[in-house]
Amino acid sequence: LSFHVGSGCQNPHSFAQAIADSRRVFEMGRGVGHDMSLLDIGGGFPGVKGSEPEFEEMARVINAALAQDFPEGTGMEVIAEPGRFYAAPVCVAAVNIIAKKAVLQPGRTRSGCSESGGHRKLLYYLNEGHYGTFRSFLRDHVPRMPIVVKELCSKPPLFPCILYGPTCDAFDKFFNKEVQLPELDVGDWLIFPSMGAYSSVMSSTFNGFPPATICYMMGPELRYLRRAQGSELGPG
Ligand SMILES: Cc1ncc(COP(=O)(O)O)c(C=O)c1O
């Protein structure tokens, strides 16, 4: 028997409910003579560090539910199919600002105030967007903040910003909300970590934009491993 609570599960108790339902299905299956011995609890685990709920919290709820409904010693095998959890951390996306527009909104104060008392909002257009690598972002509950690749003063003023992709389509946005970022310029880079899941595989070439370039990098630990195994690698 297998289930999937939904990718990017927000509520660990969905697992507990599905495990309790599975127990009833097991009982029904066994009741009509099926050999019910495997429970597959699917995916749905987080892929980004610090996301809520955390993996450990989910594991606690799942272990408690399994202990209650499928206690050890009953000869049952339990497996999972984590997708995002394994795939997300191995990739980062680097996007470049290709255009920028500043708009002045009257009447609001707080961060981003201009000298005239208005409210400065920045629109950044990036070389990748909703129709490329970032398709899943509009479904995220909380915007994923990028790392800004620029030398800035220690506490730069932040502005409400909207991040757009390059296609000129109205839906080509990273998030439906504004995010707070410093003032950046055309040519600056933003880095989004944990982009190995539901990213390039969901991209299209809409409006003629080619798929993102993928660069493979090897960390020093892997190089040493390859050397130890006898395949010598050149510098870099
Ligand atoms: C059957 C099945 N198992 C596992 C997964 C992986 O899910 P996740 O990436 O949420 O862990 C998926 C994703 O769609 C799926 O359809």
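Within an unreviewed UniProt entry, the label attached to the protein reads Antizyme inhibitor 2, and the organism entered is Myotis lucifugus. Within the UniProt record for the protein, the comment given under Subunit (unreviewed entry) is "Monomer. Interacts with OAZ1, OAZ2 and OAZ3; this interaction disrupts the interaction between the antizyme and ODC1. Does not form a heterodimer with ODC1." Under the UniProt heading Sequence similarities (unreviewed entry), the entry covering the protein gives this text: "Belongs to the Orn/Lys/Arg decarboxylase class-II family. ODC antizyme inhibitor subfamily."

### Considerations on the packing of aromatic side chains
The tally for this structure, following the rule as stated, stands at 16 aromatic pairs. Considering the side-chain rings of phenylalanine 134 and phenylalanine 137, the 5.0 Å spacing of their centres and the 80 degrees angle between planes classify their relative orientation as edge-to-face. The burial state of phenylalanine 134 is the same as that of phenylalanine 137; both residues are buried. Pairing phenylalanine 134 with phenylalanine 192 gives two aromatic rings, centres 5.2 Å apart and planes at 65 degrees, and the pair type is edge-to-face. Pair noted here: phenylalanine 134 is in the loop between strand 4 (119-126) and strand 5 (147-149) and phenylalanine 192 is in strand 8 (residues 189-192), with a separation of 58 residues, a long-range link. No difference in accessibility class separates phenylalanine 134 from phenylalanine 192, as the two residues are buried. Taken together through their ring pairs, the aromatic side chains of Phe3, Phe15, Phe45, Phe55, Phe85 and Tyr86 make up a single cluster.

### Remarks on the UniProt feature "domain: Orn/DAP/Arg decarboxylase 2 N-terminal" (unreviewed entry) in the protein
Here, UniProt's "domain: Orn/DAP/Arg decarboxylase 2 N-terminal" (unreviewed entry) annotation points to residues 1-88. Segment residues 1-88 splits into 43% helix and 7% strand. End C-alpha atoms: 26 Å apart.

### Regarding the nonpolar core
Counting residues in hydrophobic clusters, the biggest one holds 19 residues, and the most contacted among them are Tyr124, Phe134, Leu163, Phe174 and Phe192. Elements represented by at least two residues in this core include exactly strand 3 (93-105), strand 4, strand 6 (158-164), strand 7 (179-182) and strand 8. The contacts of phenylalanine 174, once residues within four sequence positions are left out, are Leu126, Glu128, Gly129, Phe134, Phe137, Leu138, Leu163, Tyr164, Gly165 and Phe192. Among the nonpolar cores identified, the runner-up in size contains 16 residues, and Phe26, Met36, Phe45 and Phe70 belong to it.

### Here we look at the domain arrangement of the protein
A common way to state how big an interface is: give the accessible area lost once the parts meet. Looking at the protein, the domain boundaries give domain 1 (13-88) and domain 2 (91-208). Of note, the centres of domain 1 and domain 2, computed from C-alpha atoms alone, are 37 Å apart. In total, about 480 Å² of surface goes out of reach between domain 1 and domain 2, with carbon and sulfur atoms giving 55% of it. When the buried surface of domain 1 facing domain 2 is broken down by residue, Val48, Arg84 and Ala88 rank first, second and third, together holding 78% of it. Applying the counting criterion to the domain 1 and domain 2 interface returns three residue pairs in polar contact (both at pLDDT 80 or more).

### Considerations on the pattern of salt bridges
Pairing between side chains of opposite charge can happen when their charged atoms approach one another. What the rule picks out here adds up to nine salt bridges. Here glutamate 57 and arginine 60 are joined by a salt bridge, their closest N and O atoms 3.1 Å apart. A residue pair is termed a helical-turn pair when its members lie 3 or 4 positions apart in one helix, as glutamate 57 and arginine 60 do in helix 2 (residues 55-69) at three residues. Taking the relative accessible area as the measure of exposure, arginine 60 reaches 54% and is therefore exposed. The salt bridge partner of lysine 150 is aspartate 188, with a shortest N-O separation of 2.7 Å. Separated by 38 residues along the polypeptide, lysine 150 in the loop between strand 5 and strand 6 and aspartate 188 in the loop between strand 7 and strand 8 bring together distant segments of the chain. The exposure class assigned to aspartate 188 is buried, which follows from its relative accessible area of 13%.

### Quick word on the environment of glutamate 27
Relative to the elements of secondary structure, glutamate 27 occurs in helix 1 (residues 13-31). On the basis of relative accessibility, which here comes to 46%, the residue glutamate 27 falls in the partly exposed class. In sequence terms glutamate 27 and proline 53 are 26 residues apart; their C-alpha atoms lie 31 Å from each other.

### Points about the site of the ligand
Around the ligand, the surrounding shell consists of His4, Ser7, Gly43, Gly44, Glu81, Pro82, Gly83, Arg84 and Tyr198. Between glycine 83 and the ligand, the recorded distance is 2.9 Å, taken from a backbone N or O atom to an oxygen atom. Computed on the free molecule, the ligand has an accessible area of 400 Å², of which 65% lies beneath the protein chains in the complex. Looking at the shell around the ligand residue by residue, the class counts come to two nonpolar, five polar and two charged.

Cut-off values and rules
- Residues numbered from 1 in each chain as written.
- Predicted model: local features only at pLDDT ≥ 70, side-chain atom pairs only at ≥ 80, totals over all residues.
- Heavy atoms only, no water.
- UniProt positions renumbered as here; feature names shortened; annotations may be inferred.
- Phe/Tyr/Trp six-rings, centres within 6.5 Å; stacked < 30°, edge-to-face > 60°.
- Buried < 20%, exposed > 50% of the residue type's maximum accessible area, 1.4 Å probe, protein only.
- Helix = DSSP H or I, 4+ residues; strand = E, 2+ residues; numbered from the N terminus.
- Core = buried A, V, L, I, M, F, W, Y, C linked by side-chain atoms within 4.5 Å.
- Contact = heavy atoms within 4.5 Å.
- Domains from an automatic or database assignment.
- Buried area = accessible area lost by both parts, 1.4 Å probe.
- Polar contact = N/O pair within 3.5 Å; in protein donor to acceptor, adjacent residues only side chain to side chain.
- Salt bridge = Lys/Arg side-chain N within 4 Å of Asp/Glu carboxyl O.
- Near = heavy atom within 4 Å.
- Areas by Shrake-Rupley, 256 points an atom, 1.4 Å probe, with all protein chains shown as cover.
- Nonpolar A, V, L, I, M, F, W, Y, C, P; charged D, E, K, R; others polar.

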